[in-house]
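Chains, contacts and geometry: an overview
Each chain, written out:
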Amino acid sequence: MANIQLYIFQGSPPCHAVMLTAKALGVPLELKQLDFMTKEQLSPEFTQINPDHTVPTIIDGDFILWESRAIMRYLVGKYGGEDNSLYPRGLQKRAEVDRLLDYDLGVFYRTLLENVWRPARDRTEKTKEQEEQIVKALARIDTLVKDKKYLTGNDITIADFAMVVGFAIEFVYRGDKTKYPNAMTWYKRMQELPYFKEVNQSFFDLVEQFKIGQDEKS
Ligand SMILES: N[C@@H](CCC(=O)N[C@@H](CS)C(=O)NCC(=O)O)C(=O)O
């Protein structure tokens with residue numbers, strides 16, 4: 001089977017999206033941890049592999065790829081068989097997954113990165129505008145997943161993997177989660193995946209130390 005190396009940092013949500021995809025496909029990965037505390041991603045060894053010095057990055061034989069959503073598409077394309085519902089071949093089904101992957105990259109994950117994860121890393125107080133952005137992003141997911149099992153329909157796709165790692169509501173939002181019942185049902189469904197905890201626990205352990213999230217007033 002596969003002998004793919006995946007460069008990761010445990011605190012990186014997109015790395016976990018790739019790991020969830022690999023688990024769903026049953027593709028083993030050789031994990032190569034980078035120490036971001038010592039800026040190992042900037043070492044000549046790694047920048048030779050990925051000049052953008054980002055994780056996740058995979059090496060599959062002599063092929064190197066980074067950007068988590070591209071990696072997820074690649075893994076399904078290579079190991080998913082003829083037509084895999086994780087990233088379906090049908091034009092419109094695939095377009096829906098692509099739309100969410102683009103939305104995640106450009107809006108959803110970015111919103112959480114700028115308004116939750118970076119302030120947490122930098123230990124800065126969130127502004128009222130930042131708090132509003134977070135609530136808006138969560139409300140959007142709630143609408144998106146209304147009447148659906150997963151983000152695009154009845155089948156789980158790589159869009160679910162991409163978005164669930166940023167969603168991480170127990171860290172992102174400490175307020176009243178019952179305001180987002182559809183999103184919470186979807187999140188619970190994702191948490192019930194047999195490999196969800198195994199893949200994400202180290203990330204959760206790391207971010208728990210930051211005590212991030214919003215309080216009830218927002
Ligand atoms: N859009 C990229 C984001 C990759 C990214 O920025 N990763 C961060 C960790 S979450 C990183 O590697 N930062 C280190 C650096 O930029 O030096 C993806 O989804 O793969």
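A brief report on the enclosed structure follows. (Residues numbered from 1 in each chain as written. Predicted model: local features only at pLDDT ≥ 70, side-chain atom pairs only at ≥ 80, totals over all residues. Heavy atoms only, no water.)

**Points about the overall build of the protein**
Along the backbone of the protein there are nine helices and four strands. Helices and strands appear in the protein in the N-to-C order β-α-β-α-β-β-α-α-α-α-α-α-α. Relative to the 2.2 N^0.38 estimate, which gives 17 Å for 218 residues, the radius of gyration of the protein is 17 Å and therefore close to what a compact globule would have. Taken over the C-alpha atoms alone, the protein extends approximately 50 × 45 × 30 Å along its principal axes. For the protein, contacts bridging at least 24 residues in sequence account for 68% of all contacts bridging at least 6. Total accessible area on the protein is roughly 11000 Å²; 52% of this is exposed by carbon and sulfur atoms. (Helix = DSSP H or I, 4+ residues; strand = E, 2+ residues; numbered from the N terminus. Rg over C-alpha atoms; globule rule 2.2 N^0.38 Å. Contact = heavy atoms within 4.5 Å. Areas by Shrake-Rupley, 256 points an atom, 1.4 Å probe, with all protein chains shown as cover.)

**Remarks on the side chain of Gln5**
In this structure, Gln5 sits in strand E1 (residues 4-8). Of the residues examined, Gln5 reaches a relative accessible area of 19% and is grouped as buried. Apart from the residues lying within four places of it in its own chain, the contact partners of Gln5 are Glu30, Lys32, Thr57, Ile58 and Ile59. (Buried < 20%, exposed > 50% of the residue type's maximum accessible area, 1.4 Å probe, protein only.)

**Examining the pattern of salt bridges**
Under the defined criterion, the tally for this structure stands at eight salt bridges. For Arg73, the salt bridge goes to Asp98, with nearest N and O atoms at 3.0 Å. Taken together, the residues Arg73 in helix H3 (residues 68-79) and Asp98 in helix H4 (residues 91-122) connect sequence positions 25 residues apart. Judged by relative accessible area, which is 25%, Arg73 ranks as partly exposed. Note that Lys188 is salt-bridged to Glu192, the shortest N-O span being 3.1 Å. A relative accessible area of 53% places Glu192 in the exposed class. (Salt bridge = Lys/Arg side-chain N within 4 Å of Asp/Glu carboxyl O.)

**Section: the nonpolar core**
Nonpolar side chains in soluble globular proteins generally cluster together in the buried interior. Ranked by internal contacts, the top residues of the largest apolar core, which has 68 residues, are Phe161 and Trp186. Mapped onto the domain boundaries, this core takes at least three residues apiece from domain 1 (4-79) and domain 2 (91-208). (Core = buried A, V, L, I, M, F, W, Y, C linked by side-chain atoms within 4.5 Å. Domains from an automatic or database assignment.)

**Observations concerning the site of the ligand**
With respect to spatial proximity, the complete set of residues near the ligand consists of Ser12, Pro14, Phe36, Gln41, His53, Thr54, Val55, Pro56, Glu67, Ser68, Arg69 and Leu105. Val55 is positioned with one of its backbone polar atoms (N or O) 2.8 Å from an oxygen atom of the ligand. Out of a free accessible area of 510 Å², the ligand has 74% covered by protein chains. When its residues are assigned to classes, the shell around the ligand shows five nonpolar, five polar and two charged. (Near = heavy atom within 4 Å. Polar contact = N/O pair within 3.5 Å; in protein donor to acceptor, adjacent residues only side chain to side chain. Nonpolar A, V, L, I, M, F, W, Y, C, P; charged D, E, K, R; others polar.)

**Considering the pairing of E1**
For E1, a buried count of five out of five residues is recorded, marking the element as mostly surrounded by other parts of the structure. Every second residue of E1 is oriented toward a common face, with Ile4, Leu6 and Ile8 on one face and Gln5 and Tyr7 on the other, all of them buried. Examined bridge by bridge, E1 and strand E2 (residues 29-33) share five bridges and lie parallel to one another. If you follow Tyr7 over to E2, its bridge partner there is Lys32. Between the parallel elements E1 and E2, the chain passes through helix H1 (residues 13-25) in a crossover that is right-handed. Inspection of the sheet shows E1 paired to strand E3 (residues 57-60) by four bridges, in the antiparallel sense. Note on E3: the bridge partner recorded for Ile4 is Asp60. (Pairing = 2+ DSSP bridges. Right-handed = clockwise from strand over helix to strand, strands pointing away.)

**Some thoughts on the packing of H1 against helix H6 (residues 158-167)**
Contact geometry of H1 with H6 gives a least axis separation of 8 Å together with a crossing angle of 145 degrees. The hand of the H1/H6 crossing is right-handed. Every residue of H6 that contacts H1 at Pro13, Pro14, His16, Ala17, Leu20, Thr21 and Ala24 is listed here: Ile158, Phe161, Ala162, Val164 and Val165. Partitioning the contact of H1 with H6 into residue classes produces 10 nonpolar, two polar and no charged. (Axes fitted to C-alpha atoms, helices over the stretch in contact; angles between N-to-C directions. Left-handed = near helix turned anticlockwise from the far one by under 90°.)

**Section: the sheet that holds strand E4 (residues 63-66)**
Two modes of strand pairing occur in sheets, parallel and antiparallel, and in both the strands are linked by backbone hydrogen bonds. Sheet architecture is open: four strands sit in the order E2-E1-E3-E4, paired in mixed fashion. The open sheet has two free edges, formed respectively by E2 and E4, since each of these has just one partner strand. Each adjacent strand pair in this sheet contributes to an overall mean axis angle of 20 degrees, direction not counted. Across the sheet, H1 lies against E1 and E2, angled at about 150 degrees from E1, the strand it touches most. Lying over the sheet, H3 contacts E1, E3 and E4, oriented at roughly 135 degrees with respect to E4.

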